Amino acid sequence: MNSRRHFLAGAGLLAASAVSRVALAALPEAASQTSAATMPPLAPPSGRPYHPVVTLNGWTAPWRMRDGIKEFHLVAEPVERELAPGMTARLWGYNGQSPGPTIEVVEGDRVRIFVTNRLPEHTSIHWHGQRLPNGMDGVGGLTQPQIPPGQTFVYEFVARRPGTFMYHPHADEMVQMAMGMMGMWITHPKDAHPLIRTVDRDFCFLLSSYDVEPGSSTPRVSTMLDFNLFTFNSRVFPGIDSLNVRRNDRVRIRIGNLTMTNHPIHLHGHEFEVTGTDGGPTPVASRWPEVTVDVAVGQMRQIELIADEEGDWALHCHKSHHTMNAMGHGVPTMIGVDHRGLVEKIQKLVPDYMLMGERGMADMAEMEMPLPDNTLPMMTGQGPFGVLEMGGMFTVMKVRRGQKPGDYSDPGWFKHPSGSLAYEWTGEVPEPERGSAAPGGSADRARTTSTLALAVRKPTRHGAAH
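All figures in this text were calculated on a predicted structure; none of them were measured in a lab.

Criteria and thresholds
Residues numbered from 1 in each chain as written. Predicted model: local features only at pLDDT ≥ 70, side-chain atom pairs only at ≥ 80, totals over all residues. Heavy atoms only, no water. Helix = DSSP H or I, 4+ residues; strand = E, 2+ residues; numbered from the N terminus. Buried < 20%, exposed > 50% of the residue type's maximum accessible area, 1.4 Å probe, protein only. Contact = heavy atoms within 4.5 Å. Areas by Shrake-Rupley, 256 points an atom, 1.4 Å probe, with all protein chains shown as cover. Pairing = 2+ DSSP bridges. Axes fitted to C-alpha atoms, helices over the stretch in contact; angles between N-to-C directions. Salt bridge = Lys/Arg side-chain N within 4 Å of Asp/Glu carboxyl O. Polar contact = N/O pair within 3.5 Å; in protein donor to acceptor, adjacent residues only side chain to side chain. Patch = residues over 30% accessible without salt bridge, like charges linked within 9 Å, V, L, I, M, F, W, Y side chains within 5 Å.

Quick word on the overall build of the chain
Of the regular secondary structure elements, the chain holds 5 helices and 23 strands. The buried share of the chain, reckoned over its 466 residues, is 46%. Across the chain, every contact between residues at least 6 apart in sequence was considered, and the portion connecting residues at least 24 apart equals 74%. A total accessible area of about 23,700 Å² is found for the chain, and carbon and sulfur atoms account for 55% of it.

As for the side chain of Thr 282
Along the chain, the position of Thr 282 falls in the loop between strand S17 (280–281) and strand S18 (292–295). Relative accessible area serves as the criterion here: at 12%, Thr 282 is assigned to the buried category. Other than its neighbours up to four places away in sequence, Thr 282 contacts Leu 195, Val 274, Thr 275, Gly 276, Thr 277 and Arg 287.

So, the sheet that holds strand S23 (residues 394–400)
Ordered in space as S13-S23-S20-S15-S18, the 5 strands form an open sheet in which the pairing is mixed. Each edge of the open sheet is held by one strand with a lone partner, namely strand S13 (243–246) and S18. Each strand axis lies, on average, 20° off the axis of its neighbour in the sheet, ignoring direction. Direction of pairing for strand S20 (residues 311–317) relative to S23: antiparallel, over a ladder of 6 bridges. For Leu 315, the partnering residue across the bridge sits in S23 and is Thr 395.

Section: the pattern of salt bridges
A complete count under the given rule lists 21 salt bridges for this structure. With a closest N to O distance of 3.9 Å, Glu 273 and Arg 197 form a salt bridge. Within this pair, whereas Glu 273 is found in strand S16 (residues 273–277), its partner Arg 197 is found in the loop between strand S10 (183–188) and strand S11 (201–210), the two being separated by 76 residues in sequence. Where Asp 249 meets Arg 201, a salt bridge forms, and the shortest distance between an N and an O atom there is 2.8 Å. One end of the pair, Asp 249, is in strand S14 (residues 249–257); the other, Arg 201, is in strand S11, with 48 residues separating them in the sequence. The exposure class of Arg 201 is buried, given its relative accessible area of 1%.

Some words on the pairing of strand S21 (residues 380–383)
Note: S21 against strand S22 (residues 386–390), 3 bridges, orientation antiparallel. Residue pairing in the sheet places Gln 382 in a bridge with Val 387 of S22.

Some remarks on the environment of Ser 46
Structurally, Ser 46 can be placed in the loop between helix H2 (21–25) and strand S1 (54–55). According to the relative accessible area criterion, Ser 46 is partly exposed, its value standing at 22%. Once the C-alpha coordinates of Ser 46 and Arg 64 are considered, the two residues, 18 residues apart in sequence, prove to be 7.7 Å apart. Aside from chain neighbours lying at most four places away, what touches Ser 46 is Trp 63 and Met 65. Here Trp 63 takes part through its side chain, which lies 3.1 Å from a polar atom of the side chain of Ser 46.

Quick word on the pairing of S10
Each regular strand displays side chains that alternate between the two surfaces of the sheet. Burial runs high along S10: 6 of the 6 residues are buried. Here S10 shows a buried face lined by Gly 183, Trp 185 and Thr 187 and a second buried face lined by Met 184, Ile 186 and His 188. Sheet topology places strand S5 (residues 103–106) next to S10; 4 bridges connect them, and they run parallel. Across the sheet, the residue bridging to Ile 103 is Trp 185, located in S10. Sheet analysis places strand S9 (residues 163–168) next to S10, joined by 5 bridges and oriented antiparallel. From the neighbouring strand, Thr 164 faces S10, where its bridge partner is Ile 186.

So, a nonpolar patch on the surface
A cluster of nonpolar residues, Met 224, Leu 225 and Met 260, forms a patch on the protein surface that exposes about 390 Å² of accessible area. Mapped onto the secondary structure, Met 224 falls in the loop between S11 and strand S12 (229–232). Relative accessible area serves as the criterion here: at 61%, Met 224 is assigned to the exposed category.

Set out below in structure tokens:
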């Protein structure tokens, strides 16, 4: 036992079975959080001061200072996460939530993280993007033994550079990350930094995706491509909180991607610059104005802007299927299909049958369609002018001149000044001029101005010829 204990301690990892009861009693408390609301920023009660972040639909892990070391306690465990009102998923996470709590430290801090494993299998934690001793990197089987169920390991290193990072398992990744095991790590600069501006609002969240069959609650971990729920911090619209800021605030948004694909994150109404990656702050000469940033798999992107336009501005992934919920990949396209006389016949056999997609999918947002338990509609959410027809990776940045410094509460929907809202035109609408394939031909002109009908021809058989 002594030789094993010396080996693990030398690697910076202490198994709980090798630690005395007195030492275990000295573990910092493992704080837990089950609310899916965005928690207020955690002002540092000890250690070096910093400007805290706000984790969208999440929270910051508390710590204690002991002999000059900042100590945290993470517990890997099964959790229940409300993805949005009406749907709860059974995931794996840390300290009661998926993602786990954000860890905030300051450049130069010596950090000690106790990790207790309450999963049914072994695990580890990789500190994504950190400069640290190799034995602290958290790759099970390569840089450390796996953390068995029921045991506690210790990681200890110095936070050497400021930036936006992540933590996640490097053990049975296909299962553990597909089940939601991840969290954010923010290292703040200890002094004024030439590439890191002081901001008024600092938000962060992780991108994750799940494949949860309608009516179920546990993700299918073997899915490689066909995910049906795309999330900001394991929440889908309308369950994602808004980012509430004051007009003319300098706003930083930190985004990490632990899904299986890239996500072009688009902000309406403002330009921003990419000021940081998981490699650190970007050189000033490399920055240019953007409205969309593509966040690839395993990457962090940090964007900054001046929120100088009042309003409710959409923030979302620009892959349109990623702003839908519980989408079925086998749903056929029915646009233009003539259902006349067919619906009544089908309803004699299937009383709950509903016509879908003949004019597009927008009608589905208002249909009171029966759904399996614990399942969300594909498109949902109410705005000030009706149904928003969104889901998944979608939220709103609310910019208000009356929002007070440090106030992150929701100001409600924007009230548009007179003359600044799109409206219906009730005057005369001239007929559009149309070109023709044969200039001057009356028959061609008649054809081009007539109403086009979509003819649908159904295949008569399956085979090589179509």
